[in-house]
Amino acid sequence: MASNFTHAIVRRPCRRVIEGITTNPQLGTPDYELALRQHDDYVGALQQAGVEVTVLPALDDYPDSVFVEDACVITPKGVVVDIPATPSRHDEAELMLPTLEEFFSADQIKRLTDPATLEGGDVMMVDDTYYVGHSRRTNQAGFDQFTAFLAEWGYATVQVPVGHILHLKTGGTYVEDGNLLVSGELKTSPAYRQGQFAHIFEVPDEEAYGADCVRINDKVVMAAGYPLVEAQLRAWGAVCGYDVITVDMSEYRKIDGSITCLSLRW
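What comes next is a walk through the structure. Fair warning: this is a prediction, and the values are worked out from it, not measured in the lab. (Residues numbered from 1 in each chain as written. Predicted model: local features only at pLDDT ≥ 70, side-chain atom pairs only at ≥ 80, totals over all residues. Heavy atoms only, no water.)

1. Quick word on the sheet that holds strand S3 (residues 72-75)
Inclusion rule: Only when DSSP finds a minimum of two bridges between them are two strands counted as paired. Helix and strand definitions follow DSSP, with helices as H or I runs of at least four residues and strands as E runs of at least two, each counted in order from the N terminus. What counts as an axis is a line fitted to C-alpha atoms, over the stretch in contact for a helix, and the angles between N-to-C directions run from 0 to 180 degrees. For this analysis, residues touch if any pair of their heavy atoms sits within 4.5 Å.
Strand order in the open sheet formed by three strands is S3-S4-S5, with mixed pairing between adjacent strands. With partners counted over all chains shown, the strands left at the sheet margins are S3 and strand S5 (109-111), one partner each. When the angles between neighbouring strand axes are averaged without regard to direction, this sheet yields 15°. Sheet topology note: the S3/strand S4 (residues 78-81) ladder contains four bridges and is antiparallel. Residue Cys72 lies in a different strand from S4, and its bridge partner there is Val81. Contacting S3, S4 and S5, helix H2 (residues 90-103) crosses the sheet at an angle of about 165° to S5.

2. A few points about unusual backbone geometry
Quick note on the threshold: Burial classes: relative accessible area under 20% of the type maximum marks a residue as buried, over 50% as exposed, and values in between as partly exposed (1.4 Å probe, protein chains only).
At the junction of Asp114 and Pro115, the peptide bond is cis and its omega measures out at 10° in the coordinates. Here the phi dihedral of Asp127 falls at roughly 60°; this positive angle occurs in a residue that is not glycine. With respect to the helices and strands, Asp127 occurs in the loop between strand S6 (123-126) and strand S7 (129-134). Residue class for Asp127 comes out partly exposed when judged on its relative accessible area of 25%. The residue Glu176 is not glycine, and still its phi comes out positive at about 70°. As for its position among the elements, Glu176 is in the loop between strand S8 (156-161) and strand S9 (179-182).

3. Comments concerning the packing of aromatic side chains
Basically, it comes down to this: Geometry of aromatic contacts follows a simple scheme: Phe, Tyr and Trp rings, the Trp one being its six-membered ring, pair when their centres are within 6.5 Å, and the pair is stacked under 30 degrees between planes, edge-to-face over 60, tilted otherwise. By definition, being over a ring means that NZ of Lys or CZ of Arg is both within 6 Å of the ring centre and within 35 degrees of the ring normal.
The final tally for this structure, using the stated rule, is ten aromatic pairs. Ring centres of Phe103 and Trp266 lie 5.0 Å apart, and the angle between their planes is 75°; this geometry places the pair in the edge-to-face category. With Phe103 in helix H2 and Trp266 in the segment after strand S14 (264-265), this residue pair connects regions lying 163 residues apart in the sequence. When its relative accessible area of 17% is taken as the criterion, Trp266 is described as buried. The rings of Tyr131, Tyr174, Tyr192 and Phe197 are connected pair by pair, giving a single aromatic cluster. Positioned over the ring face of Tyr155 is Lys77, at 5.5 Å from the centre of the ring.

4. A short note on the side chain of Asp212
Selection rule: We call two N or O atoms a polar contact when they sit within 3.5 Å, provided that within protein one can donate a hydrogen and the other can accept it, with sequence-adjacent residues counted only if both atoms are side-chain atoms.
By the secondary structure assignment, Asp212 is in the loop between strand S10 (199-202) and strand S11 (214-216). Side chain to side chain, Asp212 and Thr260 meet in a polar contact 2.9 Å long. Excluding anything up to four places from it in sequence, Asp212 contacts Lys169, Thr170, Thr173, Ser258, Ile259 and Thr260.

5. Topic: the pairing of strand S13 (residues 243-247)
This is how the line gets drawn: Consider the strands pointing away from the viewer: the crossover is right-handed when the path from the first strand over the helix to the second runs clockwise.
The pairing of strand S12 (residues 219-223) with S13 spans five bridges and is classified as parallel. Paired with Met222 across the two strands is Thr246, which belongs to S13. The parallel pair S12 and S13 is bridged by helix H4 (residues 227-240), and the resulting crossover is right-handed.

6. Let's talk about the sheet that holds S8
With mixed pairing, the three strands of this open sheet are ordered in space as S6-S7-S8. Lying at the two open borders of the sheet, with one neighbouring strand each, are S6 and S8. Taking each pair of neighbouring strands and ignoring which way they run, the sheet shows an average axis angle of 25°. In the packing of helix H3 (residues 140-152) onto the sheet, the strands contacted are S6, S7 and S8, and the crossing angle to S8 comes to about 160°.

7. Notes on the pattern of salt bridges
Filter applied, for reference: Each reported salt bridge corresponds to a side-chain nitrogen of Lys or Arg within 4 Å of a carboxyl oxygen of Asp or Glu.
Using the criterion set out here, one finds 16 salt bridges in the structure. Here the salt bridges do not stand alone but share partners, grouping Glu69, Lys169 and Arg265 into one network.

Function-wise, these values are silent; they only describe arrangement.
Okay, here's the thing in structure tokens:
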């Protein structure tokens, strides 16, 4: 099922992005000016994929607010406003509401309630089914409430245990046409072996970061510097009719950010 995206939302990184939450301090502190240039290139890639991009201003009090995907999950029928697990990020979802209300009617916006936590990085759309990571960031209550909302819209959910990585999509992404990238602990996930995926590419550990990418219309946007992943995507693209765009993500990798984190798409 080929995607048909027309819009995306991004938020400019604030100067405090260099203080963003990270599980990889050994990678060093991000360079703010370089992060800005990389963000510009990312927006350019989204535009190349044919979507209209709404660029929101930086939120100086929220170092991680550039990662807008964690604030909500947008489906073809509506949006679920999330509750990020980290207290410092709770307000990010609320601050996204005015923008969401420009595009969605009140009956299209659902909101999680305590004690639920859920972050969009744990949600992977596979046609009419949504795979949801049960992780440090998304709890059982979050999954249950999200499942109920999606059932109202006619969508199914599948829960996937996530033990060591940050989010479900940290460990791989679906690029449509039955093709799945998977890395690390998720290579052995039973949820991915139920026949919904025609082709599964197990990403070598040294290229695990490249497993997070996004299909937007006739493009796949991926992080630069992962040649084995890029080769596989280009091979699939030759059959499925898409091109690959690579963007440098070095500064976002330092704070646990990746390709899908930086935008909301529908």
